[in-house]
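Summary of the model geometry
Chain by chain, the residues run as shown.
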There are 2 protein chains.
Amino acid sequence: MTQPDVVLVRPQMGENIGAAARAMWNFGLDRMRIVAPRDGWPNPKADAMASGAGRLLDKARLFDTTAEAVGDAAYVYATTARSRDLTKLVLTPEAAMRDAADRIAAGQRVAVLFGPERTGLENEDVARANAIVSVPVNPEFPSLNLAQCVLLLGYEWRRATGNAEAAVTDYAGTEPATQIEVEKLAEHYEDRLVEAGFFFPEAKADSMKVTLRNLWSRMPLTRADVQVLHGVLRQMVRWKERGERLDGGRPRS
Amino acid sequence: MTQPDVVLVRPQMGENIGAAARAMWNFGLDRMRIVAPRDGWPNPKADAMASGAGRLLDKARLFDTTAEAVGDAAYVYATTARSRDLTKLVLTPEAAMRDAADRIAAGQRVAVLFGPERTGLENEDVARANAIVSVPVNPEFPSLNLAQCVLLLGYEWRRATGNAEAAVTDYAGTEPATQIEVEKLAEHYEDRLVEAGFFFPEAKADSMKVTLRNLWSRMPLTRADVQVLHGVLRQMVRWKERGERLDGGRPRS
């Protein structure tokens, strides 16, 4: 009881069962249950599609009815795109998987139902669930396929079970330079540094250039910063040229 | 400038470009840019796969280089699964899309880079970005395809731009009934109510049964609740039978 049971209800195409297995395993879920698959079980097309996640199919449990598949669960979530007449708690994927994680941590067994391709879950299946999970899709184009729906729930499961949020650096109210401006800056430095013999030895030149370009992109450069850095470089070049004039006008290299 | 530009860098198969378009439109994104697609452009296989989201491909903008495709962006995110040698801010999809929403609200133009199938973005492309977006996949099986990666970023974009969180009801420290227990309770009531002639008229019987079953599932039933409800029903039946006995033992129906 360390993760939810993923219950595929009357799935039609073997390929979609395999793709769902992959989507589960992408986020560390590996407990699949299958209710009355249209084309029987095992299904070679599911195995072919699942490459890398075939183990999930090998240990998947088969049931005749949804009732049996969720019989041992204390809490059941039904994923659905269409709105239903049924009065029922509706959760986002995030809220549902946080709730699932809490329940599992408290020792409860939970299951997530996914309906057949095209039609989705029947109202009879949804009525069996304790809550509906609704993915906030574009109402003009709500056509998620089975594996995509599994993928999003798996993603939220993984988020709910402890992926720390990476911090965002703060650029504090300045106007950032555009990519073209940074690009021109990078080119300016790269060109002058080529002339100056900076990219040495030759074998390392390309990776040194990538490193330098990465350095510019990593900086939270404002437009003003870019002008300053152009000015710095121009000044260095002027300085060098002045040295050459003092030296009698002969180029040093 | 109401949403990020989705930039597909050197995509290989047309089908994947079409699937990416669908994934974008599922979450309301419709600004696609394509850098040097392997099989040229337009691509009939992309159109076939995009069904329903073909408009995105019609108005997609084509570029020769990543630099040109992100030239007008103030901030660029690079999605990547592999870790890189480059020192660069790494964000979760959620943090990245929140950041993108903030930047767009502040009038900045942002772009999200997606690399070619199999290989992903080159270090040269990543070096051009301001931040890396890393999806928290299972390290044992990190194989997201292009459309799946686009789907997850689109999902987070939509979440970042105002999908209210649905509330979770609180079951407050009691031990919930299992599905089998609720199922037996539903059956108990359904059977007795059939005998009692509750499901009338016949034409509405099935939907009345679904409604009743949904009612049970919707309740935050504890094991104790289930026993009480069984007791209630048994008592009603006893009461009816007592009435029949007083009435001379003749059944009323």
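Our structure is the block above this text.
Below: a short report on this structure.

Thresholds, definitions, all that
Residues numbered from 1 in each chain as written. Chains lettered and ligands numbered in written order. Predicted model: local features only at pLDDT ≥ 70, side-chain atom pairs only at ≥ 80, totals over all residues. Heavy atoms only, no water. Phe/Tyr/Trp six-rings, centres within 6.5 Å; stacked < 30°, edge-to-face > 60°. Helix = DSSP H or I, 4+ residues; strand = E, 2+ residues; numbered from the N terminus. Buried < 20%, exposed > 50% of the residue type's maximum accessible area, 1.4 Å probe, protein only. Salt bridge = Lys/Arg side-chain N within 4 Å of Asp/Glu carboxyl O. Least-squares fit on C-alpha atoms with pLDDT ≥ 70 in both. Contact = heavy atoms within 4.5 Å. Buried area = accessible area lost by both parts, 1.4 Å probe. Pairing = 2+ DSSP bridges. Axes fitted to C-alpha atoms, helices over the stretch in contact; angles between N-to-C directions. Left-handed = near helix turned anticlockwise from the far one by under 90°. Nonpolar A, V, L, I, M, F, W, Y, C, P; charged D, E, K, R; others polar.

**Digging into the packing of aromatic side chains**
All chains considered together, the criterion is met by nine aromatic pairs over all chains. Pairing phenylalanine 27 of chain A with tyrosine 155 of chain A gives two aromatic rings, centres 5.7 Å apart and planes at 70°, and the pair type is edge-to-face. Within this pair, whereas phenylalanine 27 of chain A is found in the loop between helix H1 (14-26) and strand S2 (32-35), its partner tyrosine 155 of chain A is found in helix H7 (residues 146-160), the two being separated by 128 residues in sequence. Aromatic pair tyrosine 155 of chain A and tyrosine 155 of chain B: ring centres 6.1 Å apart, planes at 90°, arrangement edge-to-face. You can see tyrosine 155 of chain A sitting in helix H7 and its partner tyrosine 155 of chain B sitting in helix H7 (residues 146-160), one on each of two chains. Under the relative-accessibility criterion, tyrosine 155 of chain A is labelled buried at 0%. Through pairs of rings, three or more aromatic residues link up here, namely Phe27 and Tyr155 of chain A together with Phe27 and Tyr155 of chain B.

**Considerations on the pattern of salt bridges**
Tallied over the full model, the rule gives 40 salt bridges over all chains. The closest approach of N and O atoms between arginine 103 of chain A and aspartate 99 of chain A, which form a salt bridge, is 2.9 Å. Here arginine 103 of chain A pairs with aspartate 99 of chain A, and both are found in helix H5 (residues 93-105), just four residues apart, close to one helical turn. We classify arginine 103 of chain A as buried; its relative accessible area is 7%. Residue classification places aspartate 99 of chain A among the buried residues on the basis of a relative accessible area of 9%. Arginine 213 of chain A serves as the salt-bridge partner of glutamate 183 of chain A, at 3.1 Å between the closest nitrogen and oxygen. Separated by 30 residues along the polypeptide, glutamate 183 of chain A in helix H8 (residues 179-195) and arginine 213 of chain A in helix H9 (residues 205-218) bring together distant segments of the chain. As far as burial versus exposure is concerned, glutamate 183 of chain A and arginine 213 of chain A are alike and both buried. Taken together, the shared-partner salt bridges connect Glu94, Arg98, Glu156 and Arg159 of chain A together with Glu94, Arg98, Glu156 and Arg159 of chain B into one network.

**Some words on the relation of the copies chain A and chain B**
Least-squares fitting of chain A to chain B yields an RMSD of 0.1 Å, with the transformation described by 0.0 Å of translation along the axis and a rotation of 180°. With respect to symmetry, the two chain copies, as superposed, fit the operation of a two-fold axis. When the interface residues of chain A are mapped onto chain B, 99% of them again lie at the interface, so the same face is used by both copies.

**What to know about the interface of chain A and chain B**
When the parts of a complex come together, some accessible area is lost, and that lost area is often used as the size of the interface. The partner chain B presents 71 residues to the 72 residues of chain A that form the contact. Together, the buried faces of chain A and chain B total about 6000 Å²; carbon and sulfur atoms form 55% of this surface. Applying the counting rule to chain A against chain B returns six salt bridges. Of all the secondary structure elements, the ones that give two or more residues to the side of chain A that touches chain B are H1, strand S4 (75-79), strand S5 (89-91), H5, helix H6 (123-128), H7, H8 and H9 of chain A.

**With respect to the sheet that holds strand S2 (residues 32-35) of chain B**
Residues and elements named next belong to chain B. Strand order in the open sheet formed by seven strands is S3-S2-S1-S6-S4-S7-S5, with parallel pairing between adjacent strands. Here the strands that pair on one side only, and so sit at the sheet edges, are strand S3 (61-63) and strand S5 (89-91). Within this sheet the neighbouring strands show an average axis-to-axis angle of 25°, counted without direction. Each of strand S1 (5-9), strand S4 (75-79), strand S6 (110-114) and strand S7 (131-133) touches H7; the most contacted strand, S6, lies at about 150° to it.

**Considering the packing of H8 of chain A against H9 of chain A**
Residues and elements named next belong to chain A. Orientation of H8 relative to H9, taken along the N-to-C sense of each, is 145°, at an axis distance of 10 Å. Of the two possible hands of crossing, H8 and H9 adopt the one that is right-handed. For the pair H8 and H9, contact is made by Val182, Glu183, Leu185, Ala186, Glu187, Tyr189, Glu190, Leu193 and Val194 and by Lys209, Leu212, Arg213 and Trp216, respectively. Tallied by class, the residues present in the contact of H8 with H9 amount to eight nonpolar, no polar and five charged.

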